[in-house]
Amino acid sequence: MKLRLFTALACLAFATPAFADKLVFDHRLNPALTEALDSGRSDLILFNDKNPAYVTDLIVVRGRSVKDWTEAMIIISRKPGGNVPGPAEWMAELQGQAGQQCQSQFAVLAEDENSLTLERKSTGCPKNYPANALYRIVKGKPSLFLLGVMSKDGFTVDARKAWLALFASAHLE
């Protein structure tokens, strides 16, 4: 239990090194994520804070490791600015990146003044590029956060529902 709590807090709190905002969400809403966090396997988590203005955390939900996965969650904290001052611009950046890989369609699932929840479905992708993704982009005062989940073989109805519930629980503190 203590290891699970420590791992979850480490994954959730990482995004605050140079920022005042902290993105918090209830990982228990997604059993597959909870299982991955409870596994104690460090090879399922890749944390990158080399650039404090763009911090990432990848958590493998289905797969062998961060180099060989089928479904993974990504958490990104970035400093807004330049071409990406808010959620709409980050969505445009995601669309451009996906379009360079394969034909992709994006749908906005939810939107408010500070966040966007999106779904991407792609076809004809390279083997290592996930064909499906869900994203939630949240804007704070000094920061932008992205919660994303990517799947190379698609989401089951239950998995999609669990990810969207987890995204809906996300809020800034």
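See the structure shown above.
Being a predicted model, the structure only gives us computed values, none of them experimental.

**Q** I'd love a proper account of the pairing of strand β5 (residues 103–112), names of residues and values included.
**A** Two strands pair when backbone bridges link them, and β5 and strand β6 (residues 115–123) are joined in this way by nine bridges, in the antiparallel orientation. From the neighbouring strand, V108 faces β6, where its bridge partner is L118. Counted between consecutive antiparallel strands, the loop separating β5 from β6 contains two residues.

**Q** Which residues make up the environment of N114, and what values do they have?
**A** Tracing the chain through its elements places N114 in the loop between β5 and β6. Residue N114 is classed as partly exposed on the basis of its relative accessible area of 35%. Sequence-wise, N114 and G140 are 26 residues apart; in three dimensions their C-alpha atoms are separated by 7.4 Å. Apart from residues lying up to four places away in sequence, N114 is in contact with P87, I137, V138 and K139.

**Q** Which residues make up the side chain of T34, and what values go with them?
**A** With respect to the helices, strands and loops of the structure, T34 is situated in helix α2 (residues 31–38). Here H27 takes part through its backbone oxygen, which lies 3.0 Å from a polar atom of the side chain of T34.

**Q** Summarise the pattern of salt bridges; cite the residues concerned and give the values.
**A** Per the counting criterion, the structure on display carries seven salt bridges. The closest approach of N and O atoms between D153 and R62, which form a salt bridge, is 2.7 Å. In this pair, D153 is assigned in the loop between β8 (144–151) and α4 (157–169) and R62 in strand β3 (residues 54–65), connecting sequence segments 91 residues apart. For R62, a relative accessible area of 31% puts it in the partly exposed group. For R160, the salt bridge is made with E119, and the minimal N-O distance between the two is 2.9 Å. Taken together, the positions of R160 in helix α4 and E119 in strand β6 put the pair 41 residues apart, joining distant regions of the chain. Its relative accessible area of 30% is what places R160 among the partly exposed residues. What you see here is one network of salt bridges that share partners, running through R62, E71 and D153.

So, how was this worked out
- Residues numbered from 1 in each chain as written.
- Predicted model: local features only at pLDDT ≥ 70, side-chain atom pairs only at ≥ 80, totals over all residues.
- Heavy atoms only, no water.
- Pairing = 2+ DSSP bridges.
- Helix = DSSP H or I, 4+ residues; strand = E, 2+ residues; numbered from the N terminus.
- Buried < 20%, exposed > 50% of the residue type's maximum accessible area, 1.4 Å probe, protein only.
- Contact = heavy atoms within 4.5 Å.
- Polar contact = N/O pair within 3.5 Å; in protein donor to acceptor, adjacent residues only side chain to side chain.
- Salt bridge = Lys/Arg side-chain N within 4 Å of Asp/Glu carboxyl O.

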